[in-house]
Amino acid sequence: MLLHALERSPENPSGNHLPVVFIHGLFGRGRNFGFFQRRLSESHRTIALDLRNHGESPHGPMDYPIMADDVYETLNHLGIHSAIIVGHSMGGKTGMMLALRHPEMVAKLLVADIAPGEGGFAQGHDLAAKLAALHFPASLNRSEADALLATVISEPEVRNLMLQNVELGEHPHWQIGINEIAAAMPQIVGWPEIPEGETYDGPTLFVAGQRSHYIAPENYPTMKRLFPHYTLKTIEGAGHWVHAEKPNEFYEILSEFIGDS
């Protein structure tokens, strides 16, 4: 499946920098990485993808091998055969799967606040099902949509994330594939069994939020087995949305990791 891609590139490209590809998390979309795209696009070609069932990409069944292959197919279509991959949460798991299935595509891998294993996406199972069951009225403005979502989402910041996925106005509807996402929640929360000996040997950086529990010591052995050259950095005071909560700190870590690639 070819994914919707937002691209930003230098006005006057110089050097031979590798492209940087951003992969969002559950219920997000590529444009959520706009802050980082704008800054990095001064020197690098940058691509922010909408995963299947998200943003403006097509809908369909989903699991991590399928989503990784979507990314691989899309990057090849864009003429990209080696890139620095940056993925948050579900996008981090997709990036890890891409590196394991297509290591030649991944020059470097940054994984934001998720580990290779079961876990993450607190309340995701129930939330996706409840959102899929919401009944939209004949018309809806933003404040009305916020009130409707408040019946199932109490946290304002999570509602703001979800509001970007609602087509407002006459005949409102979900822009995302909410039914496909709800059906795939066991796969999204889970992580497939990776055969022994299947590893990604490139540079890998895990960035954890200090207030998040999505990367824990019990994950370290699997991280070491699959990504033997990984390093781990923690951003103090950040939760799971580490790049959104501490954008400047995250950008410093990201730009140092990219280096002069």
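Just above, that's the structure.
First, a word on scope: everything that follows refers to the structure included in this document. Each residue is numbered by its place in its chain's sequence as written, counting from 1. This being a predicted model, a pLDDT of at least 70 is required before a residue's local features are given, and a value of 80 or more before pairs of side-chain atoms are given or counted; all residues contribute to the totals for chains, interfaces and linings. Note that the side-chain values use all heavy atoms of the structure and ignore hydrogens as well as water.

Describing the sheet that holds strand β4 (residues 83-88)
Consider a sheet: its strands pair through backbone hydrogen bonds, and that pairing is either parallel or antiparallel.
Item 1. Spatially, β1-β3-β2-β4-β5-β10-β11 is the arrangement adopted by the seven strands of the open sheet, whose pairing is mixed. Each edge of the sheet is formed by a strand with only one pairing partner; in this case those strands are β1 (5-8) and β11 (230-235). Strand-to-strand twist across the sheet, computed as the mean angle between neighbouring axes with direction ignored, equals 20°.
Item 2. In what follows, residue pairs with any heavy atoms lying within 4.5 Å of each other are defined as contacts. Here, axes are lines fitted to C-alpha atoms. For helices the fit covers the stretch in contact, and angles between N-to-C directions go from 0 to 180 degrees. Think of it this way: any DSSP run of H or I at least four residues long counts as a helix, any run of E at least two long counts as a strand, and we number them from the N terminus. Strands β2 (20-23), β4, β5 (106-112), β10 (204-209) and β11 of the sheet are contacted by helix α11 (residues 247-258), whose axis makes an angle of about 160° with β5. Two strands qualify as a pair provided that DSSP identifies no fewer than 2 bridges between them.

Concerning the packing of aromatic side chains
Item 1. Classification of ring pairs rests on two measures: the distance between centres of Phe, Tyr or Trp rings, Trp counted by its six-membered ring, which must be within 6.5 Å, and the angle between planes, read as stacked under 30 degrees, edge-to-face over 60 and tilted in between. In the structure shown here, the tally under the stated rule is nine aromatic pairs.
Item 2. With a centroid separation of 5.5 Å and 45° between ring planes, the pair formed by F136 and W174 is classed as tilted. Here W174 lies in strand β9 (residues 173-174) and F136 lies in the loop between α4 (124-133) and β6 (139-140), a separation of 38 residues in the sequence. In this pair, the class of F136 matches that of W174, namely buried. For each residue, the accessible area found with a 1.4 Å probe, counting protein chains only, is set against the maximum for its type, and the residue is called buried under 20%, exposed over 50%, and partly exposed in between.

Details of the pairing of β10
Item 1. Counting buried positions along β10 yields six of six residues, so the element is predominantly enclosed.
Item 2. The alternating pattern of β10 places T204, F206 and A208 and L205, V207 and G209 on opposite faces, both of which are buried.
Item 3. Alignment of β5 against β10, held across four bridges, turns out to be parallel. Looking at β10, one finds that L110 is bridged to L205.

Notes on the side chain of N219
Item 1. Among the secondary structure elements, N219 is positioned in the loop between β10 and α9 (220-226).
Item 2. On the basis of relative accessibility, which here comes to 15%, the residue N219 falls in the buried class.

A few points about the environment of A99
Item 1. Among the secondary structure elements, A99 is positioned in helix α3 (residues 90-101).
Item 2. You can call A99 buried: its relative accessible area is 0%.
Item 3. When the C-alpha atoms of A99 and A68 are compared, they prove to be 8.5 Å apart, with 31 residues separating the residues in sequence.
Item 4. Residue contacts for A99: discarding those within four places in its chain leaves V106, L109, Y200 and F227.

Here's the deal with the packing of helix α2 (residues 64-77) against α3
Item 1. For the pair α2 and α3, interaxial distance at closest approach is 8 Å and the crossing angle is 75°. Classified by the angle their axes make, α2 and α3 are roughly perpendicular. In contact with Y64, P65, M67, A68, D69, V71 and Y72 of α2, α3 contributes M90, K93, T94, M97, L98 and R101.
Item 2. Amino acids are sorted into nonpolar (Ala, Val, Leu, Ile, Met, Phe, Trp, Tyr, Cys and Pro), charged (Asp, Glu, Lys and Arg) and polar (every other residue, Gly among them). Counted by class, the contact of α2 with α3 contains nine nonpolar, one polar and three charged residues. Working definition: roughly parallel below 35 degrees, roughly antiparallel above 145 degrees, roughly perpendicular at 65 to 115 degrees, and oblique for all remaining angles.

Section: α3
Item 1. Given a helix with a known number of residues, its expected span is that number minus one, times 1.5 Å. Counted at 1.5 Å a residue, the expected span for α3 with its twelve residues is 16 Å, and the 16 Å between its end C-alpha atoms agrees.
Item 2. Those residues of α3 that fall on the buried side of the exposure criterion are M90, G91, G92, K93, T94, G95, M96, M97, L98, A99 and L100.

A look at the environment of I235
Item 1. Turning to its location among the elements, I235 is positioned in strand β11.
Item 2. The exposure class assigned to I235 is buried, which follows from its relative accessible area of 5%.
Item 3. As a C-alpha pair, I235 and G92 span 143 residues in sequence and 17 Å in three-dimensional space.
Item 4. The contacts of I235, once residues within four sequence positions are left out, are V207, A208, G209, Q210, V242, K246, E249, F250 and I253.

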